[in-house]
Amino acid sequence: MDIFPVTEKKTRVADESKLGFGTLFTDRMFVMDYETGLGWHSPRIVPYGPFSLDPACAVLHYAQEIFEGLKVFRHTDGSLATFRPRDNFERFNRSAARMCMPELDVNFVLKALKELVRLEADWVPRSLGTSLYVRPTMIAVDPYLGVRPSNKYLFYIILSPVGAYYKNGFSPVKILISDAYVRSAPGGTGEAKTGGNYAASLKASMEATAEGYDQVLWLDAVERKYVEEVGSMNICFLYDGKVVTSPLKGTILDGITRRSILTLVREMGLQVEERALSVDEILEGAASGRLKEAFGTGTAAVVSPVGQFTYRDRTVTIGDGAMGELTGKLYETLTGIQYGKIVDAHGWIEKI
C-alpha cells in the first residue's frame, strides 16, 4: 500500500460543540481500483480530493454503488477504537454480491482503515458524543452505456469528524407513518446498503419534514400495514413487556447497531420478538399503554427515542412523550462500550 504525502492540511474545528454531521472531511482518504481479470489493485492513501470520472461512468447511469457507515471513538485514555468494523465490511460484501459488484478482502481493508485512521488521528474529536465517521464506498466506473455489471470499480474510504446526528440532541422524535410510499419490496434491494434506496426515500422524508415531523416510518410494500424501518434506522418497540422489531427478510437493513441492541436487551432479561408489528398495534398499544417505548437504532444516531406517531389523521403519544427508561439504559450502555467507559464483554471494540 502506497502512502502519498499531504502538502496542504485543512483547519480543524476548534470548538467541537459546533461539529455538524458529514460536512467536514479529513486530509487523507484510502483508494483502491478493480478491473475484471486483474482484481483489486493499486491500494493507496492519498490527499483527500475530487475524482475525475468519465461522463459515461456506469454509476452515474445505472446506480451501481454501495457504501457503509461506522465510527472511530476516542477513549478516555486517549486511545482510538472502532466498533464492530468487521461486521460492517462483511455487510459491505453482502451488498456487493446483491449489486453484482466485487467483494473485498475484509482483513486487508480493515488493515487499510486502521492505517488511515492512525495517519488522521488528530482529526478524531475528544468530546463525549463526538466521533470520527467512516464512509467506505464502492462505485462502478466503467465508461459504458449498457445495462450490465461494470468491469471497473473504485473503492474508497473517507473520514469525517462528527457531532450529534440530530441537531436537537437526544430527545424524542416525531414520526409520520407513510402509506403513500414504500422503501423497498420483497425481492428488491432493501437489505443492501445502496444509494438508490436512500434516493427513493427522499420525497417522503421531505414531505414529512415540511409537516413538522423528524422521520418517516416505512410500511411493507405488499399490505401497507406492517412496520419495517424508520428513516435510515431500524426500529424497536417495547410492547407487552417484550422488545418487538421487524424480522430480517430481505426488505430491511441488517443493522449492526440493531444486532448490538438486541444482544443487550436479552442480557437485560427481556424477551425479543422479531415479527411484523402492524400500524393498528402501534395505535392501540399507545392508547392502552401496552406500547411503552419506541426507538430507532443506527450507526449515526445510535439510539433515537420516539415520542409520537402520526398515521393519517390520528396522532398518538408513546408513554408521556419523554424518553423511556429502557431506551435511555440501552443508549448509555452501548455508548459506554463504544467510548470505553464500560467493559466490552462481547469483543465488539477493535483498537486502532
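Structure: see above.
The shown structure was predicted, so the numbers you read here are calculated from the model rather than taken from an experiment.

J.: Help me out: how do you make sense of the overall build of the protein chain in this one?
T.: The number of helices and strands found in the protein chain is 7 helices and 18 strands. Taken over C-alpha atoms, the radius of gyration comes to 21 Å for the protein chain, in line with the 20 Å a tight globule of 352 residues would show. Principal-axis analysis of the C-alpha atoms gives the protein chain an extent of 60 × 50 × 35 Å. The buried share of the protein chain, taken over its 352 residues, is 52%. At a minimum sequence separation of 6, the contacts of the protein chain that also span at least 24 residues come to 70%. Looking at the protein chain as shown, the accessible area adds up to about 15,700 Å², and 51% of this sits on carbon and sulfur atoms.

J.: Got a minute to help me understand the packing of helix 5 (residues 256-267) against helix 7 (residues 325-338) in this structure?
T.: Between two packed helices, what matters for the description is the angle formed by their axes and the separation of those axes. At a minimum axis distance of 11 Å, the contact between helix 5 and helix 7 shows a crossing angle of 115°. Relative to helix 7, the element helix 5 is oriented roughly perpendicular. The two elements helix 5 and helix 7 cross, and the hand of that crossing is right-handed. Within the contact between the two elements, helix 5 uses T257, S260, I261, L264 and V265 and helix 7 uses L330, T333, L334 and I337.

J.: Explanation requested: the environment of A112 in the structure shown.
T.: Along the polypeptide, A112 turns up in helix 3 (residues 106-119). On a C-alpha basis, the gap between A112 and I45 in space is 8.5 Å, while along the polypeptide they are 67 residues apart. Among all residues touching A112, those that are not within four sequence positions of it are M1, F30 and I45.

J.: Is there a simple way to explain helix 3 in this structure?
T.: Turn by turn, an α-helix covers 3.6 residues, leaving residues three or four places apart pointing in a common direction. The end-to-end C-alpha distance of helix 3 is 20 Å, a good match for the 20 Å that 14 residues give at a rise of 1.5 Å each. Residues of helix 3 that are buried: V106, V109, L110, A112, L113, K114, L116 and V117. Between the side-chain oxygen of the N-cap and the backbone nitrogen of N107 there are 3.1 Å, and the N-cap of helix 3 in question is D105.

J.: When you look at the packing of aromatic side chains in this model, what are you seeing that I'm missing?
T.: Working definition: an aromatic ring pair is given by the centre-to-centre distance plus the angle between the planes. Taken as a whole and judged by the stated rule, the model has 13 aromatic pairs. With a centroid separation of 5.3 Å and 55° between ring planes, the pair formed by F67 and Y198 is classed as tilted. Here the residue F67 occupies a position in strand 4 (residues 65-67), and Y198 occupies one in helix 4 (residues 195-210), the gap between them amounting to 131 residues. A network of ring pairs unites the aromatic residues F30, Y34, W40, F92, F108, Y153 and F155 as a single cluster. Sitting over the ring of W123, R12 keeps its end group 5.6 Å from the ring centre. Above the face of the Y213 ring, K174 is positioned so that its terminal group lies 6.0 Å from the ring centre.

J.: Hey, could you run me through the pattern of salt bridges in this one?
T.: Oppositely charged side chains are able to pair whenever their charged atoms sit close together. In the structure shown here, the tally under the stated rule is 22 salt bridges. One salt bridge in this structure joins E228 and K249, with 4.0 Å as the shortest N-O distance. Of this pair, E228 sits in strand 11 (residues 227-230) while K249 is found in the loop between strand 13 (242-245) and helix 5, placing the two residues 21 residues apart along the sequence. Judged by relative accessible area, E228 falls into the buried class, the value being 5%. Salt bridges sharing common partners tie together R84, D87, R94, D254 and R259.

The rules behind these values
- Residues numbered from 1 in each chain as written.
- Predicted model: local features only at pLDDT ≥ 70, side-chain atom pairs only at ≥ 80, totals over all residues.
- Heavy atoms only, no water.
- Helix = DSSP H or I, 4+ residues; strand = E, 2+ residues; numbered from the N terminus.
- Rg over C-alpha atoms; globule rule 2.2 N^0.38 Å.
- Buried < 20%, exposed > 50% of the residue type's maximum accessible area, 1.4 Å probe, protein only.
- Contact = heavy atoms within 4.5 Å.
- Areas by Shrake-Rupley, 256 points an atom, 1.4 Å probe, with all protein chains shown as cover.
- Axes fitted to C-alpha atoms, helices over the stretch in contact; angles between N-to-C directions.
- Parallel < 35°, antiparallel > 145°, perpendicular 65-115°, else oblique.
- Left-handed = near helix turned anticlockwise from the far one by under 90°.
- Expected span 1.5 Å × (residues − 1).
- Polar contact = N/O pair within 3.5 Å; in protein donor to acceptor, adjacent residues only side chain to side chain.
- Phe/Tyr/Trp six-rings, centres within 6.5 Å; stacked < 30°, edge-to-face > 60°.
- Lys NZ or Arg CZ within 6 Å of the ring centre and 35° of its normal.
- Salt bridge = Lys/Arg side-chain N within 4 Å of Asp/Glu carboxyl O.

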